[in-house]
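Report on the structure
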Amino acid sequence: MKRTGADAMANPSPAKSMGDPGITPLSPTHTQQNDTDQVQSQPSFVVVVAIDFGTTSSGYAYAFTKEPECIHTMRRWEGGDPGVSNQKTPTTILLTPDRKFHSFGYAARDFYHDLDPSESKHWLYLEKFKMKLHTTANLSIDTDLHAANGKRVKALDIFAYALAFFKEQALKELSDQTGGDFDNNDVRWVITVPAIWKMPAKQFMREAAYKSGLVSRENPEQLIIALEPEAASIYCRKLRLHQMVDLGTQTTQNGFSPTENVGSGMTQAKEHVRRNRQSRTFLVENVIGELWSELEEGDRYVVVDCGGGTVDLTVHQIRLPEGHLKELYKASGGPYGSIGIDYEFEKLLCKIFGQDFIDQFKIKRPAAWVDLMIAFESRKRAAAPDRTNPLNINLPFSFIDYYKKFRGHSVEHALRKSNVDFVKWSSQGMLRMSPDAMNSLFKPTIDHIIQHLTELFDKPEVSDIKFLFLVGGFAESPLLQQAVQNMLQGRSRIIIPHDVGLTILKGAVLFGLDPSVIKVRRSPLTYGVGVLNRFVEGKHPPEKLLVKDGTRWCTDVFDTFIAADQSVALGEMVKRSYTPAKPSQQVIVIHVYCSEKDSVGFISEHGVRKCGTLRLDVSGTESTAPRREIQTLMQFGDTEIRAMAVDVSTGRTVKASIDFLSH
């Protein structure tokens with residue numbers, strides 16, 4: 001069988017327009033890699049710094065490799081919000097009118113807020129922009145984002161500015177700690193991303209890190225991409241009983257827990273965290289936590305990471321005695337994070353005041369819009385299943401003023417006229433929402449999460465789940481906690497770590513200290529390439545027939561590297577050998593295809609799409625051998641897909657790369 005050439009892939013049936021079928025594969029094998037020469041020795045780092053770059057809030061934490069049990073979370077930030085006690089800072093960024101980085105986090109928000117409206121419309125303010133990497137179907141290096149004033153900026157620049165800011169903050173803090181200039185080369189950086197992100201989004205983060213100067217392209221291994229629920233899972237293994245709330249121990253009649261317990265457990269937890277807040281250093285037990293000691297070989301648990309943008313579910317199985325983890329089902333989830341509630345609030349405002357007004361107000365008074373969303377955020381955190389008194393939301397003066405100019409009547413009039421029962425106007429100039437109104441804003445998002453959990457628990461691989469760890473900032477919501485409890489009906493214990501918003505950050509530091517703790521993952525997609533096979537009458541469709549030099553070939557055959565939901569061990573390699581079509585060829589380019597289906601016959605099938613390119617730079621490897629064989633090794637068991645290649649006749653390494661961003 002022969003590989004189809006690179007130029008051939010543009011058409012639905014590539015081979016029809018093909019000049020030269022190109023690359024001949026030699027030995028398709030799938031091996032477990034044990035050769036010592038393949039494993040690069042780990043460079044030594046002095047410290048691991050993890051950046052949790054979240055949709056709504058971000059932060060960093062670090063640990064020195066000499067004291068791996070001490071995890072330090074970052075210094076307190078300037079600013080802060082009512083009702084939000086958090087070590088993290090809002091993921092907001094401000095650029096000057098000439099597009100230079102100005103500030104990040106609370107500082108960006110406060111400065112932007114204090115600008116005069118005539119000035120602020122020239123400044124570029126961005127928030128909640130991380131979701132763009134998840135929702136953009138054909139993400140590339142050139143993908144744009146929109147600032148609050150409607151102007152477009154390059155997403156890569158924004159992500160790079162944010163990472164450069166964290167690099168500077170962390171290195172400053174490390175220099176202060178060690179009493180000297182801390183060298184970036186001594187840092188292993190870890191950036192967390194949702195497990196459900198596709199390869200282009202992960203590669204985008206890596207490209208932004210290169211651009212920001214966090215690490216250089218020459219030292220890619222200085223940066224690890226960590227998957228958020230995996231990081232949480234690693235941290236949850238270390239939990240002691242006093243560091244979490246176990247909703248399972250509070251059951252009363254008929255398996256339901258009284259809601260006040262949900263609330264009180266979390267209140268105690270918050271108090272505990274607040275008391276310990278002065279110390280930013282967390283001691284992680286070297287021993288395995290008490291909860292973990294209840295787990296036996298083969299026990300399974302689910303981590304549900306509920307963040308601002310996405311909800312991510314991971315199913316892990318414990319392997320003793322080392323306590324390694326094995327993924328049992330491919331990561332799943334979706335864009336069901338807590339910003340869904342903000343969108344519902346926005347929809348409610350549109351219903352009351354009109355979409356045309358809200359759209360206009362956001363562009364013309366962006367700082368006041370940010371204010372309104374901050375006011376909503378603190379009330380959103382006060383929502384609870386048993387709440388009876390209404391929630392008041394301050395309307396900024398400029399909202400009331402601008403509305404009167406825009407419509408010619410008052411906000412109060414609009415509220416009376418709209419048939420939204422649950423929202424009233426209070427005499428203090430506030431929107432007064434009944435608890436039911438607030439709960440209904442949560443409903444679509446929570447329903448999505450519960451539906452997803454229900455489907456997951458119906459899968460045969462996901463039976464007998466001992467614990468469900470609820471982590472991420474949204475996990476603090478009593479409404480979500482109660483919904484998960486009602487769904488599970490006591491089928492597994494629900495565990496919520498105390499510092500639930502920092503769980504991922506701490507786990508990411510642990511992952512950076514020992515990335516090999518997760519031994520087996522599941523491939524989220526089926527990956528492969530298009531090849532030519534000998535045409536077999538009756539087996540192959542006639543429209544796929546290509547005759548070349550008297551030989552009958554079947555085109556578009558999908559050669560599977562790895563199938564969706566297939567188990568892959570860390571370090572396991574998929575091997576393929578390729579031969580350049582012409583001896584003088586400098587670069588071999590092979591198109592990589594992917595599909596959500598686990599079995600694929602042809603690259604032209606429905607649901608199969610081109611998702612990347614494998615490039616082998618064979619320049620300078622000319623040899624006297626009659627046929628050059630380039631053996632390619634691809635790794636699918638890590639958090640990112642990697643490729644290496646060797647020229648078999650000379651044993652020389654060939655530069656190999658897989659690119660998922662260029663189209």
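Residues numbered from 1 in each chain as written. Predicted model: local features only at pLDDT ≥ 70, side-chain atom pairs only at ≥ 80, totals over all residues. Heavy atoms only, no water.

The name given to the protein in an unreviewed UniProt entry is Heat shock 70 kDa protein 12A, and the organism recorded there is Lates japonicus. According to the UniProt record, the Function (unreviewed entry) comment for the protein is "Adapter protein for SORL1, but not SORT1. Delays SORL1 internalization and affects SORL1 subcellular localization." Quoted verbatim from the Sequence similarities (unreviewed entry) field of UniProt, the annotation for the protein is "Belongs to the heat shock protein 70 family." (UniProt positions renumbered as here; feature names shortened; annotations may be inferred.)

**Let's talk about the sheet that holds strand 20 (residues 391-394)**
As summarised here, the arrangement of the three strands in space is 20-22-21, forming an open sheet in which the pairing is antiparallel. Taken across any chain shown, the strands that pair with only one partner, and hence form the sheet edges, are strand 20 and strand 21 (423-426). Averaged over all neighbouring strand pairs, the angle between strand axes comes to 30°, with direction disregarded. In terms of strand pairing, strand 20 meets strand 22 (residues 430-433) through four bridges, oriented antiparallel. Bridge assignment links Ile393 to a residue of strand 22, and that residue is Leu431. Lying on the sheet, helix 14 (residues 435-457) is in contact with strand 20 and strand 22; it crosses strand 22 at an angle near 80°. (Pairing = 2+ DSSP bridges. Helix = DSSP H or I, 4+ residues; strand = E, 2+ residues; numbered from the N terminus. Axes fitted to C-alpha atoms, helices over the stretch in contact; angles between N-to-C directions. Contact = heavy atoms within 4.5 Å.)

**Overview of the pattern of salt bridges**
Where charged atoms from two side chains of opposite charge approach closely, those side chains can pair. Scanning all chains against the criterion turns up 29 salt bridges. Linking Glu377 and Lys380 is a salt bridge whose minimum nitrogen-to-oxygen distance equals 3.1 Å. Of this pair, Glu377 and Lys380 both sit in helix 11 (residues 366-380), separated by three residues, roughly a single helical turn. Judged on exposure class, the residue Glu377 and its partner Lys380 are both buried. Two residues, Arg628 and Asp647, come together in a salt bridge whose shortest N-O distance is 4.0 Å. (Salt bridge = Lys/Arg side-chain N within 4 Å of Asp/Glu carboxyl O. Buried < 20%, exposed > 50% of the residue type's maximum accessible area, 1.4 Å probe, protein only.)

**Some points on the packing of aromatic side chains**
A full pass over the atoms with the stated rule returns 30 aromatic pairs. Within the aromatic cluster, the residues linked to one another by ring pairs are Phe353, Phe357, Phe361, Phe399, Tyr402, Tyr403 and Phe406. For Arg534, the ring lying beneath its charged end belongs to Trp553, and the centroid distance is 5.3 Å. (Phe/Tyr/Trp six-rings, centres within 6.5 Å; stacked < 30°, edge-to-face > 60°. Lys NZ or Arg CZ within 6 Å of the ring centre and 35° of its normal.)

**Notes on the packing of helix 10 (residues 355-364) against helix 12 (residues 397-407)**
Remark: helix 10 packs on helix 12, axes separated minimally by 11 Å, with the N-to-C direction vectors making an angle of 125°. When the interaxial angle is binned, helix 10 and helix 12 end up oblique. Judged by the sense of rotation from one axis to the other, the crossing of helix 10 with helix 12 is right-handed. In this structure, helix 10 uses Asp356, Phe357, Ile358, Gln360, Phe361 and Lys364 to contact helix 12, whose residues at the interface are Ser398, Phe399, Tyr402, Tyr403, Phe406 and Arg407. (Parallel < 35°, antiparallel > 145°, perpendicular 65-115°, else oblique. Left-handed = near helix turned anticlockwise from the far one by under 90°.)

**Some words on unusual backbone geometry**
Of note in the backbone geometry, Lys128 takes a positive phi value of approximately 55° without being a glycine. With respect to the helices, strands and loops of the structure, Lys128 is situated in the loop between strand 10 (124-127) and helix 3 (131-135). The exposure class of Lys128 is partly exposed, given its relative accessible area of 23%.

**Side note on the sheet that holds strand 23 (residues 465-471)**
Reading across from one edge, 15-24-23-17-18-19-25-29 is the order of the eight strands in this open sheet, with mixed pairing throughout. Unpaired on one side and paired on the other, strand 15 (244-246) and strand 29 (567-569) mark the two borders of the sheet. Shown here is a sheet whose adjacent strand axes are inclined to one another by a mean of 25°, direction ignored. Bridge count for strand 25 (residues 518-522) against strand 29 is three bridges, and the pairing is antiparallel.

**Quick word on helix 9 (residues 339-353)**
The terminal C-alpha atoms of helix 9, which comprises 15 residues, lie 21 Å apart, in line with the 21 Å expected from a rise of 1.5 Å per residue. Within the sequence span of helix 9, burial applies to Ile339, Gly340, Ile341, Asp342, Glu344, Phe345, Glu346, Leu348, Leu349, Cys350, Ile352 and Phe353. Among the residues trailing helix 9, Gly354 stands out with phi positive, at a value near 95°. (Expected span 1.5 Å × (residues − 1).)

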